[in-house]
Every structure is written in C-alpha cells, then in structure tokens.
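Residue-level listing of the chains:
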Amino acid sequence: METDHERFMAIAIEEAKAGAAQGEQPFGAVVVRNGEVVVKARSLKVGTSDTTAHSETLAIKYATQKLGQRTLPDCTFYATCEPCPMCLGAILNGGINTLVIGARNRDVSKLTKTAFNFKDYTVERFAEMTGWNLNVIEHVRGEECINLYATAKVELTR
C-alpha cells in the first residue's frame, strides 16, 4: 500500500521528469497542506539562465503566492533531492517544518564531478546551525530519485 509520502514524492518525480524532458536538470518539488497538493515545481535553471530557479525555491515562491501567506508552517515539503543550502534557506524562511527527501546529496554526488560539492553539508546540520526544529523524512522513493540523476542528460550543478 502506497503511503502519502510516496504518493506526493511520485508527483515530485514526475515534475523532475517533465523538466528533464524540456532540457532542464531533473529536480522536482511539491508543497502539500492538509493532504492536498498546493503547488508543484521543476527546475528552470537551464531554460531561464537563472541560477536561482531551483525547483525548491520556485515551489516556495509559488506556494506563498498562491496561499497569500509569507510562511507555510502547516505545509510539508517534498524534494526529489536533498535541497542545497540556498533552497533549504528558502524552505526555512517559508516556515516549513517537515521536509521529505528522495535522494541524499551523498548519493547523487557520486554521479557527477561538478555538483554537490558541499563537503559535510546535510539538511540536518543546516537546521542545527540555525536552531530550526526540522523534521526530515529521507529516502522516500530513494532509488527512483537517484535514477533521475543517474540518467540525466544535462550536467548536474547546484
């Protein structure tokens, strides 16, 4: 039986695949509130030439705008890959306290030479450093998420 986390991560994976089909890097994100998808987003870095257009930052932007709220404390965030420091900062500023991750940076860093060079960075270390009580749920559809990056046709950079 599929869990809610698996169901929502599947949506994030579909976003990542849709982005990859358009020549983008395969990153997807979903914001959920009360069991309903608020927004979904894919990376738009390549097509927009905007280094900040990560799926996670866009998902926070779209969700706050759609709900007309600066913070989203009652939402859960789904990311196909462990968010980079910039994206995690957006999630922190968005007031989200539950983060569901597919692939970890350490899993994906083995697949590229130029991306994920964050040394010992993890979302948990970032949260601890900032005093953020972040609930992290990891490896939801992890193999599927890792495969997104193993088969990427665009060089992975974060």
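Up top you'll find the structure we're talking about.
Each value, and the rule that gives it
Per chain, the residues get numbers from 1 upward, laid out in the order the sequence is written. This being a predicted model, a pLDDT of at least 70 is required before a residue's local features are given, and a value of 80 or more before pairs of side-chain atoms are given or counted; all residues contribute to the totals for chains, interfaces and linings. Computation of side-chain values covers all heavy atoms of the structure but excludes hydrogens and water. What counts as a helix is a DSSP run of H or I of at least four residues, what counts as a strand is a run of E of at least two, and both are numbered from the N terminus. Here, expected helix span is obtained from the residue count minus one, scaled by 1.5 Å. Per-residue accessibility, obtained with a 1.4 Å probe over protein chains only, is compared with the maximum for each type, and a residue is labelled buried under 20%, exposed over 50%, and partly exposed between these values. In this description, one arc is meant: the one made by directions from the helix axis to the C-beta atoms. A contact between two residues is defined here by any heavy atoms of the two lying within 4.5 Å. Here, strands pair whenever DSSP counts at least two bridges between them. The angle between two axes is taken between their N-to-C directions and runs from 0 to 180 degrees, where each axis is a line fitted to C-alpha atoms and a helix contributes only its stretch in contact. Angle categories are assigned with fixed cut-offs, so that under 35 degrees is roughly parallel, over 145 is roughly antiparallel, 65 to 115 is roughly perpendicular, and the rest are oblique. The nonpolar class holds Ala, Val, Leu, Ile, Met, Phe, Trp, Tyr, Cys and Pro. Asp, Glu, Lys and Arg form the charged class, and all remaining residues, Gly among them, are polar. Think of it like this: strands point away, you trace from the first strand over the helix to the second, and a clockwise trace means the crossover is right-handed. Note on definitions: salt bridges are taken to be side-chain nitrogens of Lys or Arg within 4 Å of carboxyl oxygens of Asp or Glu.

Description of helix α1 (residues 4-21)
The terminal C-alpha atoms of α1 lie 26 Å apart, and with 18 residues this matches the ideal 26 Å at 1.5 Å per residue to within 8%. Taken together, the buried positions of α1 are Phe-8, Met-9, Ala-12, Ile-13, Glu-15, Ala-16 and Gly-19. Around the axis of α1, the buried residues are gathered within 155 degrees of arc, so they sit on the same side. Next to the buried residues of α1 lie β1 (28-33), β2 (36-42), β3 (75-81), β4 (98-103) and α7 (142-150). Remark: Gly-23 follows α1 within two positions and exhibits a positive phi of approximately 90 degrees.

A few points about the sheet that holds β2
A sheet is described by the order of its strands in space; here five strands give the open sequence β2-β1-β3-β4-β5, paired in mixed fashion. Two strands lie at the open edges of the sheet, namely β2 and β5 (135-137), each paired on one side alone. Shown here is a sheet whose adjacent strand axes are inclined to one another by a mean of 20 degrees, direction ignored. The pairing of β3 with β4 spans five bridges and is classified as parallel. Counted as the bridge partner of Phe-77 is Leu-99 from β4.

Regarding the packing of α1 against α7
Packing of α1 against α7 leaves a shortest axis separation of 11 Å and a crossing angle of 10 degrees. Compared by their axis directions, α1 and α7 come out roughly parallel. Facing Met-9, Ile-13, Ala-16 and Lys-17 of α1, the residues of α7 in contact are Glu-144, Cys-145 and Leu-148. Per-class residue counts for the contact of α1 with α7 are five nonpolar, no polar and two charged.

Remarks on the pairing of β4
As a general feature of sheets, a regular strand has side chains that alternate between the two faces. Burial of β4 is extensive: six of the six residues sit out of reach of the surface. What joins β3 to β4 is helix α4 (residues 85-93), and the crossover it makes is right-handed. For β4 and β5, the ladder comprises three bridges, and the chain directions are parallel. Counterpart to Val-100 in the pairing with β5 is Ile-137.

Quick word on the pattern of salt bridges
What the rule picks out here adds up to nine salt bridges. Lys-17 is paired through a salt bridge with Glu-14; the nearest N and O atoms lie 3.9 Å apart. Here Lys-17 pairs with Glu-14, and both are found in helix α1, just three residues apart, close to one helical turn. The class for Lys-17 is partly exposed, based on a relative accessible area of 43%. Glu-14 gets classed as partly exposed once you look at its relative accessible area, which sits at 48%. The closest approach of N and O atoms between Arg-33 and Asp-74, which form a salt bridge, is 3.7 Å. Of this pair, Arg-33 sits in strand β1 while Asp-74 is found in the loop between α3 (55-67) and β3, placing the two residues 41 residues apart along the sequence. By relative accessible area, Arg-33 is classed as partly exposed at 23%.

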